[in-house]
Amino acid sequence: MSEIKIKNKDIVVPGEELAEGMDFIPSGAAYRVKDKIFSNRVGLVQVDGRIVKVIPLNGKYNPERNDVVIGKIVDILMSGWRIDLISPYEGVLNIRDASDRFIKKGEDLTRFFQIGDWIMAKVTNVTTQKLVDLTTKGYGLGKLEPGRIIKVSPYKVPRIIGKKGSMMRMITKATDCKINVGQNGIIWISGSPDQEILVAKVIKLIEEEAHISGLTARIKEFLEKETGKKIEEGD
Amino acid sequence: MSYDKRVDGRGFDELRKMEAKVGVIPRADGSAYFSMGGTSAYAAVYGPRQTYPKFLQDPSKGVLRCHYAMMPFSGAGDRVRPGPNRRAKEISLVTTNALLPAIDLHEFPNAIVDVFISLPETDAGSRCAGICAASLALADAGIPMTELVGAVAVGRVDDKVVVDLCYDEEAYEEGEVADIPVAMLYNKGEISLLQMDGKISKDMLLEALERAKKALTFIHDVQVKALKERFKQVENIE
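Residues numbered from 1 in each chain as written. Chains lettered and ligands numbered in written order. Predicted model: local features only at pLDDT ≥ 70, side-chain atom pairs only at ≥ 80, totals over all residues. Heavy atoms only, no water.

Here's the deal with the overall build of chain B
And then number 1: Helix and strand counts for chain B stand at 4 helices and 10 strands.
And then number 2: Starting at the N terminus, the α and β elements of chain B follow one another as β-β-β-β-α-β-α-β-β-α-β-β-β-α.
And then number 3: Within chain B, contacts between residues separated by at least 24 positions form 68% of all contacts whose residues are at least 6 apart in sequence.
And then number 4: Of the roughly 11,000 Å² that chain B leaves accessible, carbon and sulfur atoms contribute 52%. (Helix = DSSP H or I, 4+ residues; strand = E, 2+ residues; numbered from the N terminus. Contact = heavy atoms within 4.5 Å. Areas by Shrake-Rupley, 256 points an atom, 1.4 Å probe, with all protein chains shown as cover.)

If you want it as structure tokens, here you go:
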């Protein structure tokens with residue numbers, strides 16, 4: 001007989017027993033030993049029918065294909081750039097993937113990206129050994145103009161973006177700032193200086209309260225108070 | 001003469017006061033504090049991050065590196081010379097080996113996870129407190145681990161089997177003493193650290209290990225409680 005040992009949306013710790021019996025399927029950070037399911041991370045459980053899923057709450061960014069990330073140029077190679085992603089692994093941007101324009105052999109690569117520049121890039125491939133290939137070809141990708149960079153936990157990024165980008169749209173509308181969020185937890189903000197500070201404040205607030213219910217409403221209230229204008233719902 | 005009353009008045013299988021706290025060092029990726037009586041340990045985890053020196057890196061899985069250090073003022077009054085010495089290096093090694101069976105670093109090839117354990121005060125059982133703290137700090141850092149690791153010292157003082165020895169018991173002079181630090185993976189029931197200082201008979205050793213098991217379930221509860229406390233804000237969710 002199968003039995004579930006925890007409640008939906010419980011916090012679990014490594015080694016905690018989640019379910020017994022073969023009727024349940026582990027997913028996310030859950031694993032099975034014989035007929036029991038355990039968690040291997042600190043996380044939030046989601047029980048959806050037969051699937052027992054553990055969503056991790058913390059950790060470093062582990063690059064995955066198709067993620068859009070923000071990184072800093074830390075080195076220039078023979079045929080590309082090395083990019084720090086605040087992850088255990090650095091990304092490599094090859095000249096082939098850097099620009100639509102043909103780059104001649106031996107050309108000065110600092111004309112495209114200098115050491116210390118921030119770029120927005122997409123992960124094209126991650127090997128088993130975690131070599132990360134990046135590209136800056138595509139809409140919205142490439143060098144980021146001077147702005148403010150802040151860092152948050154990569155596990156809070158979905159909350160900062162909101163459902164289909166709703167949170168991000170609300171902040172952009174209220175503050176008139178341009179905001180780019182990387183999946184690796186780096187956020188670039190550009191606007192008037194006081195508004196930039198406000199955005200940074202709001203994002204820190206989201207990060208701290210990401211899991212308390214009514215987040216959108218609270219953030220909206222906070223933004224309205226700070227900016228003094230009414231935010232309309234929708235679009 | 002037999003040892004019928006413990007120097008600090010505890011029962012023979014009574015532990016000292018245990019306290020655990022997770023997330024004590026904001027700058028670190030994960031951190032924890034664990035104390036048992038007069039011994040307390042801080043553990044900070046950094047990583048997974050790039051491996052330096054490079055020769056340590058392993059392309060098949062991540063590497064765990066523990067660093068054990070007693071603070072200069074942590075002893076019984078004499079200054080403890082800072083820096084790695086023979087003892088600290090050995091304890092760093094056994095701590096790494098005690099934690100390794102529980103953590104899974106296959107997701108992080110070529111990377112390293114650093115664990116720094118510092119002890120502001122010590123009254124025997126420092127490697128055990130260090131392991132308990134390190135295990136919590138690793139969980140706090142989001143390192144995949146099959147389960148938490150707990151550790152406790154058991155042993156004998158004269159004719160009695162005791163749990164969680166304090167320094168005065170280790171230094172007991174009127175009879176034989178054995179001090180056995182044990183680290184265990186609760187779910188698997190596997191022992192990942194077993195050392196001994198002193199002499200003990202086979203029967204007493206088995207009895208001591210049995211008591212260690214019982215004491216460790218209690219320590220496990222303390223650890224789980226501390227971890228859940230840390231993520232409590234998450235508990236009042238929608």
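Observations regarding the interface of chain A and chain B
And then number 1: Each side of the interface is counted separately: chain A has 29 residues, and chain B has 32 residues.
And then number 2: Along the contact surface separating chain A from chain B lie 2 salt bridges.
And then number 3: A salt bridge links K60(A) to D29(B); the shortest N-O distance between them is 3.4 Å.
And then number 4: Taken together, the links from chain A to chain B amount to 12 residue pairs in polar contact (both at pLDDT 80 or more).
And then number 5: Each residue belonging to the side of chain A that touches chain B can be placed in one class, and the counts come to 11 nonpolar, 10 polar and 8 charged. (Salt bridge = Lys/Arg side-chain N within 4 Å of Asp/Glu carboxyl O. Polar contact = N/O pair within 3.5 Å; in protein donor to acceptor, adjacent residues only side chain to side chain. Nonpolar A, V, L, I, M, F, W, Y, C, P; charged D, E, K, R; others polar.)

Things to note about the environment of W188(A)
Residue and element names in this part refer to chain A.
And then number 1: Examined against the element boundaries, W188 turns out to sit in strand β17 (residues 186-190).
And then number 2: Residue W188 is classed as buried on the basis of its relative accessible area of 6%.
And then number 3: For W188, the contacting residues outside a window of four places in its chain are I70, L144, E145, P146, G147, R148, I149, K178, I179 and N180.
And then number 4: Here E145 takes part through its backbone oxygen, which lies 2.8 Å from a polar atom of the side chain of W188. (Buried < 20%, exposed > 50% of the residue type's maximum accessible area, 1.4 Å probe, protein only.)

Considering the side chain of S40(B)
Residues and elements named next belong to chain B.
And then number 1: Positionally, S40 belongs in strand β3 (residues 39-50).
And then number 2: Residue S40 is classed as buried on the basis of its relative accessible area of 2%.
And then number 3: In contact with S40, other than residues within four places in its own chain, are Y33, F34, S35, S118, L119, P120 and E121.

Some thoughts on the sheet that holds strand β1 (residues 18-22) of chain B
Two orientations exist for strands paired in a sheet by backbone hydrogen bonds: parallel and antiparallel.
All names here are of chain B.
And then number 1: Sheet architecture is open: 5 strands sit in the order β1-β2-β3-β5-β4, paired in mixed fashion. Looking at strand neighbours, the two that pair on one side only are β1 and β4 (63-70), the edges of this open sheet. Here the strands of the sheet are splayed against their neighbours by 15 degrees on average, with no regard to which way each runs.
And then number 2: In terms of strand pairing, β3 meets strand β5 (residues 111-121) through 8 bridges, oriented antiparallel. From the neighbouring strand, R49 faces β5, where its bridge partner is I112.
And then number 3: The strands touched by helix α2 (residues 126-140) within the sheet are β1, β2 (30-36), β3, β4 and β5, with β2 carrying the most contacts at an inclination of about 150 degrees.
And then number 4: Along the sheet face, helix α4 (residues 202-230) touches β1 and β2 and points at about 30 degrees away from the line of β1. (Pairing = 2+ DSSP bridges. Axes fitted to C-alpha atoms, helices over the stretch in contact; angles between N-to-C directions.)

Regarding helix α1 (residues 86-99) of chain B
All names here are of chain B.
And then number 1: The terminal C-alpha atoms of α1, which comprises 14 residues, lie 20 Å apart, in line with the 20 Å expected from a rise of 1.5 Å per residue.
And then number 2: Along α1, the residues that are buried comprise A88, I91, S92, V94, T95, T96, A98 and L99.
And then number 3: Buried residues in α1 make contact with β4, β5, α2, β6 (149-157), β8 (177-185) and β9 (190-194). (Expected span 1.5 Å × (residues − 1).)

Some thoughts on unusual backbone geometry
All names here are of chain B.
And then number 1: Here the residue pair G47 and P48 is connected by a cis peptide bond, since its omega of 5 degrees sits within 30 degrees of zero.
And then number 2: Looking at the secondary structure, you find P48 in strand β3.
And then number 3: A cis amide bond links Y52 with the next residue in sequence, P53, at an omega value of -5 degrees.
And then number 4: Residue N110 is not a glycine yet carries a positive backbone phi of 65 degrees.
And then number 5: The residue N110 is located in the loop between α1 and β5 in this model.
And then number 6: Looking at N110, the relative accessible area reads 19%, which means it is buried.
And then number 7: Positioned with a positive phi, D158 is a non-glycine residue whose angle comes to about 55 degrees.
And then number 8: As for its position among the elements, D158 is in the loop between β6 and β7 (160-163).

Describing the packing of α1(B) against α2(B)
Residue and element names in this part refer to chain B.
And then number 1: As a packed pair, α1 and α2 sit with axes 10 Å apart at the nearest point and diverge in direction by 45 degrees. Between α1 and α2, the angle falls in the class oblique. In this structure, α1 meets α2 at a crossing whose hand is right-handed. Mapping the contact onto sequence places R87, E90, I91, T95, A98 and L99 in α1 and S126, R127, I131, A134, S135 and L138 in α2.
And then number 2: Across the contact of α1 with α2, the residue classes break down as 6 nonpolar, 3 polar and 3 charged. (Parallel < 35°, antiparallel > 145°, perpendicular 65-115°, else oblique. Left-handed = near helix turned anticlockwise from the far one by under 90°.)

Focus on the domain arrangement of chain A
And then number 1: For chain A, the assigned domains read domain 1 (3-56), domain 2 (68-143) and domain 3 (148-227).
And then number 2: If you average the C-alpha positions of domain 1 of chain A and of domain 2 of chain A, the two centres end up 38 Å apart. (Domains from an automatic or database assignment.)

Here we look at the pattern of salt bridges
Residue and element names in this part refer to chain B.
And then number 1: In this structure the tally under the stated criterion is 30 salt bridges over all chains.
And then number 2: Of the charged contacts, one joins R16 and D164 as a salt bridge, the two residues approaching to 3.0 Å between their closest N and O atoms. Placement of the pair is R16 in the segment before β1 and D164 in the loop between β7 and α3 (167-170), with a sequence separation of 148 residues. Per residue, the accessibility class of R16 equals that of D164, and both read buried.

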